[in-house]
Amino acid sequence: MNDQNKISVVINTYNAERDLAQVLEAVKNFDEVLICDMESTDSTLDIARQYGCRIVTFPKANHKSAEPARTFAIQSAAYPWVLVVDADEIVTPELHDYLYRRIAEPDAPAGLYIPRLNRFMLRYTKSITYDRQLRFFKREGVEWPPHVHTFPTVQGRTEKIPASEKNVRFVHLADETIADLLRKTNAYTDNEIEKRASKNYGVGALLGRPVWRFFRNYILKLGFRDGMPGLVRAGMDAFYQFVLVAKMIEKRYRNNS
């Protein structure tokens, strides 16, 4: 196969032993699997070595998410095309085949948004339109902002994989609980404050952003199809926005005092 049609799978890890073997088993047929580890203290690296992965290291320092290491990991890949996979996500065989088929086409896009099937309150979401991730792209020129809830900047046209492509997706193994979301809300909003430092949010954003986020996720993205878990998840997403804006207002008050 021409190197121009080869794919590197990039996985950022930190103490990821729980699901890593299952994740690596699902990507073993790609041209390269690169592990970018943030100084794990469990058996993550032993598992990666058992699967023959190439390993690079990014200092953990005080980072609370993988985003600061994303660009380094992507640029460390050997091949022109990169698929970024989290250490708790399964790549379906259908997704593997779809990606190789698309990059062989003369008009292949530079990036693809991939549907992700998530699990919350012990059930998988019914609508994959709720969550799409820009995780497949040409490596050249790509940069990933070092903040949570960001997408990489891709040099060229991007597309969304159609929902009609059956099982072409990630399967998220983690079963998120409300406790998980509360913990992430506190940690991730602290990180997002830096990303939104130029925003001068006030009472309009404090009320409007949560309302819009609830409406978008529950109605427009079909969260209502998931029953009570869908309602709870949309409410937690709205709460995230309320906490984010409240923290930014608090920080502004402190700076002006």
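Residues numbered from 1 in each chain as written. Predicted model: local features only at pLDDT ≥ 70, side-chain atom pairs only at ≥ 80, totals over all residues. Heavy atoms only, no water.

Participant: Could you clarify how one ought to interpret empty space enclosed by the protein in this entry?
Facilitator: Leftover empty space is mapped by rolling, across the atoms, a probe with the size of a water molecule. With the rule as written, the count across this model stands at 2 cavities of 30 Å³ or more. Lining the largest cavity are 11 residues, with Phe-120, Thr-125, Asp-226, Pro-229 and Arg-233 sitting closest to its centre. Secondary structure elements with two or more residues in the lining of the largest cavity: β6 (111-120), β7 (123-124) and α7 (227-256). With 3 residues, α7 is the largest single contributor of residues to the lining of the largest cavity. In this structure, the second largest cavity is lined by Trp-81, Arg-102, Ile-103, Ala-108, Pro-109, Gly-111, Leu-112 and Phe-136. Those elements that provide at least two residues to the lining of the second largest cavity are α4 (93-103) and β6. Split into classes, the residues belonging to the lining of the second largest cavity amount to 6 nonpolar, 1 polar and 1 charged. (1 Å grid on protein atoms, 1.4 Å probe; cavity = no way out; pocket = protein on both sides within 12 Å on 5 of 7 lines; lining within 4 Å. Points joined across faces, edges and corners; volume = space filled by probe spheres on them. Helix = DSSP H or I, 4+ residues; strand = E, 2+ residues; numbered from the N terminus. Nonpolar A, V, L, I, M, F, W, Y, C, P; charged D, E, K, R; others polar.)

Participant: Please clarify how the layout of surface pockets should be interpreted in this entry.
Facilitator: There is about 180 Å³ of room inside the second largest pocket. For the second largest pocket, the full set of lining residues is Asn-62, His-63, Lys-64, Ser-65, Pro-68, Pro-146, Val-148, Ala-187, Tyr-188, Asp-190, Asn-191 and Glu-194. Here the lining of the second largest pocket is built from residues that sort into 5 nonpolar, 4 polar and 3 charged.

Participant: How do you make sense of the packing of aromatic side chains when you look at a structure like this?
Facilitator: Describing an aromatic ring pair means giving the distance of the ring centres and the angle of the ring planes. Under the criterion given, the structure shown has 7 aromatic pairs. Pairing Tyr-113 with Phe-151 gives two aromatic rings, centres 5.6 Å apart and planes at 80 degrees, and the pair type is edge-to-face. Taken together, the residues span a long stretch of sequence, with Tyr-113 in strand β6 and Phe-151 in the loop between β8 (132-138) and β9 (158-160) at a distance of 38 residues. Here Phe-151 falls in the partly exposed class, since its relative accessible area comes to 35%. Through a chain of ring-to-ring contacts, the aromatic side chains of Phe-214, Tyr-218 and Phe-224 assemble into a single cluster. The positively charged end of Arg-233 is found above the aromatic ring belonging to Phe-120, 5.7 Å away from the centroid. (Phe/Tyr/Trp six-rings, centres within 6.5 Å; stacked < 30°, edge-to-face > 60°. Buried < 20%, exposed > 50% of the residue type's maximum accessible area, 1.4 Å probe, protein only. Lys NZ or Arg CZ within 6 Å of the ring centre and 35° of its normal.)

Participant: What should I look at first to understand the pairing of strand β3 (residues 54-57) in this one?
Facilitator: Looking along a regular strand, one sees the side chains alternate between the two faces of the sheet. As paired strands, strand β2 (residues 32-37) and β3 are joined by 4 bridges and run parallel to one another. Bridge pairing in β3 links Cys-36 to Val-56. Handedness of the crossover is the feature at issue here: the chain leaves β2, passes through helix α2 (residues 44-50), returns alongside β3, and the resulting connection is right-handed. (Pairing = 2+ DSSP bridges. Right-handed = clockwise from strand over helix to strand, strands pointing away.)

Participant: What should I look at first to understand the environment of Ser-40 in this one?
Facilitator: Here Ser-40 is to be found in the loop between β2 and α2. With residues up to four places along the chain from it excluded, the contact list for Ser-40 reads Thr-13, Tyr-14 and Asn-15. Among the polar contacts made by the side chain of Ser-40, one reaches the main-chain amide nitrogen of Asn-15 at a distance of 2.7 Å. (Contact = heavy atoms within 4.5 Å. Polar contact = N/O pair within 3.5 Å; in protein donor to acceptor, adjacent residues only side chain to side chain.)

Participant: I tried to follow the packing of helix α6 (residues 203-220) against α7 on my own but got confused; where do I start?
Facilitator: Think of two packed helices as two axes; the pair is described by the angle between the axes and how far apart they sit. Running from amino to carboxyl end, α6 crosses α7 at an angle of 155 degrees, the nearest separation of the two axes being 8 Å. By the angle between their axes, α6 is roughly antiparallel relative to α7. Between α6 and α7 lies a crossing of right-handed hand. The residues of α7 that touch α6, namely those facing Ala-205, Leu-206, Arg-209, Pro-210, Arg-213, Phe-214, Asn-217 and Tyr-218, are Gly-230, Leu-231, Ala-234, Gly-235, Asp-237, Ala-238, Gln-241, Phe-242, Val-245 and Ala-246. Its residues placed into classes, the contact of α6 with α7 shows 11 nonpolar, 4 polar and 3 charged. (Axes fitted to C-alpha atoms, helices over the stretch in contact; angles between N-to-C directions. Parallel < 35°, antiparallel > 145°, perpendicular 65-115°, else oblique. Left-handed = near helix turned anticlockwise from the far one by under 90°.)

Participant: Looking at this structure, how should I read the pairing of β6?
Facilitator: With 9 of its 10 residues buried, β6 lies for the most part within the structure. Relative to β8, β6 runs antiparallel, the two sharing 5 bridges. For Pro-115, the partnering residue across the bridge sits in β8 and is Arg-132. Relative to β9, β6 is paired through 3 bridges, and the arrangement is parallel. Across the sheet, residue Tyr-113 finds its bridge partner in β9, namely Lys-160. Pairing between β6 and strand β10 (residues 170-176): 4 bridges, direction parallel. When the sheet's bridge partners are listed, Arg-116 is paired in β10 with Phe-170. When β6 meets β7, the two strands line up antiparallel, connected through 2 bridges.

Participant: It is not clear to me how α6 should be interpreted in this structure. Could you clarify?
Facilitator: It helps to recall that an α-helix has 3.6 residues per turn; residues three or four apart then point in one direction. Helix length check: α6, at 18 residues, gives a terminal C-alpha distance of 24 Å against a target of 26 Å (1.5 Å per residue), a fit within 8%. Buried within α6 are the following residues: Ala-205, Leu-206, Pro-210, Arg-213, Asn-217 and Tyr-218. Just downstream of α6 lies Leu-222, where phi reads positive at about 65 degrees. (Expected span 1.5 Å × (residues − 1).)

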